[in-house]
Amino acid sequence: MASWWRRTSVISYQISRAKVDFRGSSTWKYHHFQSEYSSTSLIPRSFPCNNKAATLFSVERCQSTVAGKQLDSLHASDNCDDENEAMDFPGGKVAYNFEMKFILGSSEKRIPCYRLLNDDGEPIMNTGFVQVNKELALKMYSDMVTLQMMDTLFYEAQRQGRISFYATSFGEEAISIASAAALSEDDIILPQYREPGILLWRGFTLQEFANQCFGNKADYGKGRQMPIHYGSRKHNYVTISSPIATQLPQAVGVAYSLKMDKKNACAVAFTGDGGTSEGDFHAGLNFAAVLEAPVIFICRNNGWAISTPISEQFRSDGIVVKGKAYGIPSIRVDGTDALAVYTAIRAARDMATSEQTPVLVETLAYRVGHHSSSDDSTKYRPLDEIDYWKMYRNPVNKFRKWVETKGWWNETDEAEFRSSIKKQLLQAIQVAEKTEKPPLTELFRDVYDLPPSNLAEQQKQLWETISKYPQDFPSDLSLRNQVDL
Ligand SMILES: Cc1ncc(C[n+]2csc(CCOP(=O)(O)OP(=O)(O)O)c2C)c(N)n1
Ligand SMILES: [Mg+2]
């Protein structure tokens, strides 16, 4: 083939692959490109080269990067077809088209949604899924019930003014619980905020949840975060940060680090549909694809970002199609179907770890609760829509029907379990509420090595205010351990 660069005979890629030791133990390969350009006028103006200049690109990457493969295929295409049929271009050959055709912004047929159970919890015939044994199924079911009950009681505690804020997972319980069941505990979770089910699955106790929400001295965040901003090093669960989508590019860094250390683990980043409108979502997916980072992006499409419906969020067919744009394998799953989520996340994890690739999973499950305790969703969406999802597409009821049909659970088990969890929750709330708040000095610690003068000034002002108006502050506020900043 007389390809574009061959015809000009001006660019020669010298690709040498050398084995190098990267950080001592692991053997890596890297591409070393040298491009030499002549001064011929046939070089397209846009091509970034200097006359006769030898430009050296040295890119250090794992052997199997997409860029490497693309360059290989570009080389291999030397021997093929007519230059009139296809353009050799960095990234691969592109066929010519003589009919002007715009790619449509949307297709009539939407990407289908993978599911295994129908709305009555009955398995759909002829669908294969990873077998879930009794022990696993019951842990999945009982954790979903626990999560639902925790949400109910903590939400009530917020309405009673005992905690300042809360957000429930109602309608989306299957997503976090079934994902957790499918993952390894070594996988590092970077949550958005509606995924406490993962922590619950991994053994974070009801007392630990309550301590965080009450911001007492047993809270690992020392009471400095809003309620529900959990984090646990022990459980590989990165502390939630309020700004939406910041966790997504961070997850790629985590995944890339796991890749460099050759760990059999992946990063798992959650986002909501609203989070996908942030630049961080796009930067994260693109970085992940290019770096072949083992990260699973799980987008909980629940139809709403507070009061913004998805019709005002994007005009694409949801989120799943965006994976393709970034070169990431993607799937859409029924988020109310615990078995489908479990099966899909198991497969996504296998791909991510064995093929070292990012994967995008879009789950569809309506946000049945209000956005948070600061929201009243009946102001912007119809009640019957909420009721429909609550009654007929309830992930917990659906999974219960399945475990009951299997003969693994019955009415008595249900009643006993709920009563036991309710007692544990009430106890956890009482203990957390009675536990002393962290010393106020903690407010000023852990951020700066040497605290700046404005922080010292703020601390001084706070002490003065509390001394002057003690009646306006909780009596258990501890000023002990006050330190000079
Ligand atoms: C960068 C940023 N912008 C705005 C907000 C305010 N905010 C908090 S939650 C939220 C909606 C997020 O919706 P979505 O990602 O769909 O998650 P969901 O609440 O539906 O689970 C917004 C806009 C924020 N926290 N951070
Ligand atoms: Mg949403």
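Here the structure is shown first, and the text comes after it.
In this text, all values refer to a predicted model and were calculated from it rather than measured experimentally.

**Focus on the pairing of strand E12 (residues 330-334)**
Where burial is concerned, most of E12 is hidden: 5 out of the 5 residues are buried. Burial of E12 is two-sided: the residues Ser330, Arg332 and Asp334 facing one way and the residues Ile331 and Val333 facing the other way are all buried. Taken together, the 5 bridges between E12 and strand E13 (residues 359-364) define a ladder with parallel strand orientation. Its bridge partner being in E13, serine 330 is matched across the sheet by leucine 360. Since E12 and E13 lie parallel, the crossover through helix H10 (residues 338-354) that links them has a hand, and here it is right-handed.

**Some points on the site of ligand 1**
Among the 15 residues in the neighbourhood of ligand 1, the closest are listed as Ile244, Gly272, Gly274, Gly275 and Ala305. Residue composition of the shell around ligand 1, by class: 5 nonpolar, 6 polar and 4 charged.

**Focus: the packing of helix H6 (residues 206-214) against helix H13 (residues 411-434)**
At their nearest, the axes of H6 and H13 sit 8 Å apart, and the two run at 40° to each other. For the element pair H6 / H13, the angle class is oblique. The chirality of how H6 crosses H13 is right-handed. Residues Leu206, Gln207, Ala210, Asn211 and Phe214 of H6 form the contact with H13, whose participating residues are Gln424, Leu425, Ala428, Ile429, Val431, Ala432 and Glu433.

**Notes on the sheet that holds strand E7 (residues 188-190)**
Here we have 5 strands laid out as an open sheet, ordered E7-E8-E9-E13-E12, and parallel in their pairing. Looking at strand neighbours, the two that pair on one side only are E7 and E12, the edges of this open sheet. Within this sheet the neighbouring strands show an average axis-to-axis angle of 20°, counted without direction. Sheet topology note: the E7/strand E8 (residues 267-272) ladder contains 3 bridges and is parallel. Across the sheet, leucine 190 pairs through a bridge with alanine 269, a residue of E8.

**Regarding unusual backbone geometry**
In this structure, asparagine 236 takes a positive phi of about 50° despite not being glycine. Structurally, asparagine 236 can be placed in the loop between H6 and helix H7 (247-260).

**Focus: the nonpolar core**
Ala178, Ala255, Ala267 and Val295 are the most contacted members of the largest nonpolar core, which totals 94 residues. When residues in this core are grouped by element, the largest group, 9 residues, is from H10.

**Considering helix H4 (residues 173-182)**
The buried fraction of H4 is high, at 10 of 10 residues. Glu173, Ala174, Ile175, Ser176, Ile177, Ala178, Ser179, Ala180, Ala181 and Ala182 are the residues of H4 that are buried. On its buried side, H4 packs onto helix H3 (134-159), helix H5 (196-201), strand E9 (295-301), H10, E13 and helix H12 (395-405).

Thresholds applied
Residues numbered from 1 in each chain as written. Chains lettered and ligands numbered in written order. Predicted model: local features only at pLDDT ≥ 70, side-chain atom pairs only at ≥ 80, totals over all residues. Buried ≥ 20, exposed ≤ 12 C-beta atoms within 10 Å, placed from the backbone. Helix = DSSP H or I, 4+ residues; strand = E, 2+ residues; numbered from the N terminus. Pairing = 2+ DSSP bridges. Right-handed = clockwise from strand over helix to strand, strands pointing away. Near = placed C-beta within 6 Å. Nonpolar A, V, L, I, M, F, W, Y, C, P; charged D, E, K, R; others polar. Axes fitted to C-alpha atoms, helices over the stretch in contact; angles between N-to-C directions. Parallel < 35°, antiparallel > 145°, perpendicular 65-115°, else oblique. Left-handed = near helix turned anticlockwise from the far one by under 90°. Contact = placed C-beta atoms within 7 Å. Core = buried A, V, L, I, M, F, W, Y, C linked by C-beta atoms within 7 Å.

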